[in-house]
Each structure stands twice: as C-alpha cells, then as structure tokens.
Amino acid sequence: MRELANVNGTICALEDAVIPAEDRGCLFGDGVYEVVRAYQGRLWGLHRHWRRFQRSLREIDLQPSNLEDIRGWIEQTYRASQIPNATVYFHLTRGASPRNHSWSEALEPSFFMSVRPFADRGIVAGIRVQSVPDLRWRRCDIKSLNLLPNVLAKQQARKLGAYEALLVDTQGNVTEGSSSAALAILDRTIVAPPQTAAILPSITREYVEEIALELKLIFQERWLSLAQFRSAGEAFLAGTSDEITGITHVDGQAVGTGEVGPWTREIRKVYRQRIEQGKD
Ligand code: PDD
C-alpha cells in the first residue's frame, strides 16, 4: 500500500510529485478536476466521473489529444497503489507557461493525480451546517479548480462550529454545500435544486435520484429558500467524500427532530449496499 501520484503519465511516490510553478492551474485555477472514491480495490462510479470530467473539459475549451491515455493512467495508478479504500483526485490544467491570461493553442495540458487512503471523518450522528452567501461565479456546473469561494465558505462554517457550509444565493435559495449537494425531504418527496449552471451536477445526487425510484420516493427539482430548507422534515448532504450525510441542524436550529431522519438513513443504507454490490 503506497500513496502515489501520477504527473503527466509518470507514477511516483506522492511526496516526490513535482509540478511546474508556472502551471496555469496554480496561477489562474485554469483547469478542471474530479474526486473519486475506491472501495475494496474498485474505483466507484469512475464512468460517471469520467463523463463529467469530459464535459468540464469541453466547457473550458480544453481538449487534450491523449484523453484515452489519461483514463488508462487513472486506472493504472490506482491499481499500483494497492490501497483498497482510497480517495483518488485528478486534474487537468491548461499547462505551464509564462504568466499571461491568454494562452497558446500549442500548450500541452498538465495532468496530476493522487491516491491516498480514505480518511474516515467519523460522521455517525449527522452534521450541522451553517448558511453562508454563495459568492461563486455563474458556471458552478463546471468542476473548476477555482475553489476560493468554496474554501472560504467551508472555513467560515467550521469557525462557527458547523461541518459544512450551506450556500445561499442572492434570491435567498439554497444552492448546495461547499463540496456537497444539499437535498431536503418533505413528506415522501426528495427536493433538489434544479440542475442549472448554479450547481455542480453531483454524481452522488444522481445515485440518490435512482435510489428514490427504488424506495418509491418522489424526486423533485425545485428551489427551496433557506427557511423552507430549514423547516423540511429531513435534510441531507450528498457527495463523493461523505456519501449521504444527515443534516441535524441549520444555523443551530434543529431540522425535524434534530436527528438524522429515517428516510435519510434508508437512502444511506441503500447507497452503501450499492457500493458493496458494485452497482455503479
Ligand atoms: N466535491 N457540489 C460541490 C460544489 C462539490 O464540490 C461536490 C463534490 C459536490 C458533490 O458532487 P459528487 O457527488 O459528484 O461528489 C457538490 C468534491 C468531492 C471535492 O471537491 O472534494
């Protein structure tokens, strides 16, 4: 078991990975990324993450000629790590060149990937979230490396004793978490924000939509104000890292009974079963 990196096709120990200081990812956040989990030696949902990665690349006009090689590197590097339960991160940037906002079409894109053991954050009894203004740009559907508003929001939430930020747009509607999708349950309806450019198309949310069908729950897209979200019977976060995580409190106020709700538990259970069965 070894923490590994891959830089432009070359595998090395993660601590030895080096990328150029003038990489545009570093200077401008000019690139896109994915985070994938591996369970029991298998990359979970890689085909879905790959589809989203390709879409993000298209949307920022970054078209590497070696896309199929990159897919191979991801699988080879993960296998070489022999880490059964891992977090796999990868990104592609527009490449390294002297700092200039515009770029040359001849620039070679730069790939970086890391594989580390998944660090369990030990969430069992649900989490608290803190509402924070959503200060992000108008293309949050692109999984861009520009995460400054996300990291500032998460830190603000942490300072106030919450696990995650709940981002609220200028209309007063809940968009998502800083690194997770945010959903509410009203009666037997899972309510998720409309899949617009205001939010990331979350892979875990996709699974939730499929699980809703299995559980005969309604899955509905509509905006919820912060007050509506807070007064839902149940609420939860969905994301690659924390899977399905019940929200017990919003801004210190209990959601429902103030404990993880029964439907949230059920959705989490079915999601975990799918992982165990490798049904991605
Ligand atoms: N974050 N919304 C945002 C803003 C995210 O950054 C993420 C994922 C999600 C959930 O998407 P998915 O279900 O595809 O993981 C929603 C990753 C894990 C991260 O940045 O670490």
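Small disclaimer: the values here were computed from a predicted structure and weren't measured. (Residues numbered from 1 in each chain as written. Predicted model: local features only at pLDDT ≥ 70, side-chain atom pairs only at ≥ 80, totals over all residues. Heavy atoms only, no water.)

*Asks:* Go over the sheet that holds strand β6 (residues 110-117) with me, naming the residues and quoting the values.
*Replies:* On the basis of which strands lie adjacent, the open sheet formed by six strands has the order β2-β1-β6-β5-β3-β4 and antiparallel pairing. Looking at which strands have only one partner, the edges of the open sheet turn out to be β2 (10-13) and β4 (42-43). Pairing of strand β1 (residues 4-7) with β2 involves four bridges; the strand directions are antiparallel. Across the sheet, residue V7 finds its bridge partner in β2, namely T10. Packed onto the sheet, helix α2 (residues 46-59) meets β3 (31-39), β4 and β5 (86-93) and runs at close to 175° relative to β3. Lying on the sheet, helix α3 (residues 67-81) is in contact with β1, β2, β3, β4, β5 and β6; it crosses β6 at an angle near 25°. (Pairing = 2+ DSSP bridges. Helix = DSSP H or I, 4+ residues; strand = E, 2+ residues; numbered from the N terminus. Contact = heavy atoms within 4.5 Å. Axes fitted to C-alpha atoms, helices over the stretch in contact; angles between N-to-C directions.)

*Asks:* So what's going on with the site of the ligand? Residues and values would help.
*Replies:* Near the ligand lie 20 residues; those nearest to it are Y33, E176, S202, T204 and T240. Residue E176 places a side-chain N or O atom 2.7 Å away from a nitrogen atom belonging to the ligand. Between a nitrogen atom of the ligand and a main-chain N or O atom of S179, the distance comes to 3.4 Å. Burial of the ligand by the surrounding chains reaches 91%, relative to a free accessible area of 470 Å². The pocket occupied by the ligand, as judged from atoms lying within 2 Å of grid points, is the largest pocket. Contributions of two or more residues to the shell around the ligand are made by β3, β9 (174-177), α5 (203-214) and β13 (234-239). Its residues placed into classes, the shell around the ligand shows six nonpolar, ten polar and four charged. Looking at which domains feed residues into the shell around the ligand, each of domain 1 (4-117) and domain 2 (127-277) supplies at least three. (Near = heavy atom within 4 Å. Polar contact = N/O pair within 3.5 Å; in protein donor to acceptor, adjacent residues only side chain to side chain. Areas by Shrake-Rupley, 256 points an atom, 1.4 Å probe, with all protein chains shown as cover. 1 Å grid on protein atoms, 1.4 Å probe; cavity = no way out; pocket = protein on both sides within 12 Å on 5 of 7 lines; lining within 4 Å. Sits in = over half its atoms within 2 Å of the grid points. Nonpolar A, V, L, I, M, F, W, Y, C, P; charged D, E, K, R; others polar. Domains from an automatic or database assignment.)

*Asks:* Which residues make up α5, and what are the values?
*Replies:* Helix length check: α5 (twelve residues) gives 17 Å between terminal C-alpha atoms against 16 Å at 1.5 Å per residue, within 8%. Looking at α5, one finds that the buried residues are I203, T204, R205, Y207, V208, I211 and A212. At the N-terminal boundary of α5, the capping side chain belongs to S202, with an oxygen 3.2 Å from the backbone nitrogen of T204. (Expected span 1.5 Å × (residues − 1). Buried < 20%, exposed > 50% of the residue type's maximum accessible area, 1.4 Å probe, protein only.)

*Asks:* So, the environment of A21: which residues are in play, and what are the values?
*Replies:* Its place among the elements puts A21 in the loop between β2 and α1 (24-28). Residue A21 is classed as exposed on the basis of its relative accessible area, which comes to 61%. For A21 and L57, which are 36 residues apart along the polypeptide, the C-alpha to C-alpha distance reads 22 Å.

*Asks:* An account of the domain arrangement of the protein chain is needed here, citing residue identities and associated values.
*Replies:* Assigned domains within the protein chain: domain 1 (4-117) and domain 2 (127-277). Distance from the C-alpha centre of domain 1 to the C-alpha centre of domain 2: 26 Å. Counting residues at the interface gives 24 residues for domain 1 and 22 residues for domain 2. When domain 1 packs against domain 2, the two sides together hide about 2000 Å² of surface, and 53% of this comes from carbon and sulfur. Together, W44, R48 and R52 form the three largest contributors to the area buried by domain 1 at its contact with domain 2, with a combined 35%. E206 is the partner of R48 in a salt bridge, and the nearest nitrogen-oxygen pair spans 2.8 Å. If you look at where domain 1 meets domain 2, you find 16 residue pairs in polar contact (both at pLDDT 80 or more). Listed by contribution, the elements that provide at least two residues to the side of domain 1 that touches domain 2 are α1, β3, α2 and β5. The biggest single contributor to the side of domain 1 that touches domain 2 is β3, with eight residues. (Buried area = accessible area lost by both parts, 1.4 Å probe. Salt bridge = Lys/Arg side-chain N within 4 Å of Asp/Glu carboxyl O.)

*Asks:* An account of the layout of surface pockets is requested, with residue identities and associated values reported.
*Replies:* Here the largest pocket defines a volume of roughly 950 Å³. Elements that contribute at least two residues to the lining of the largest pocket include exactly β3, β5, β6, α4 (148-159), β9, α5 and β13. By residue class, the composition of the lining of the largest pocket is 16 nonpolar, 15 polar and seven charged. Here the lining of the largest pocket spans two domains, and each of domain 1 (4-117) and domain 2 (127-277) adds at least three residues to it. The computed volume of the second largest pocket comes to approximately 270 Å³. If you trace the second largest pocket, you find 15 residues lining it, with R37, F118, D120, E243 and R268 closest to the centre. Residue composition of the lining of the second largest pocket, by class: four nonpolar, four polar and seven charged. Residues from two domains meet in the lining of the second largest pocket; each of domain 1 (4-117) and domain 2 (127-277) gives at least three. (Points joined across faces, edges and corners; volume = space filled by probe spheres on them.)

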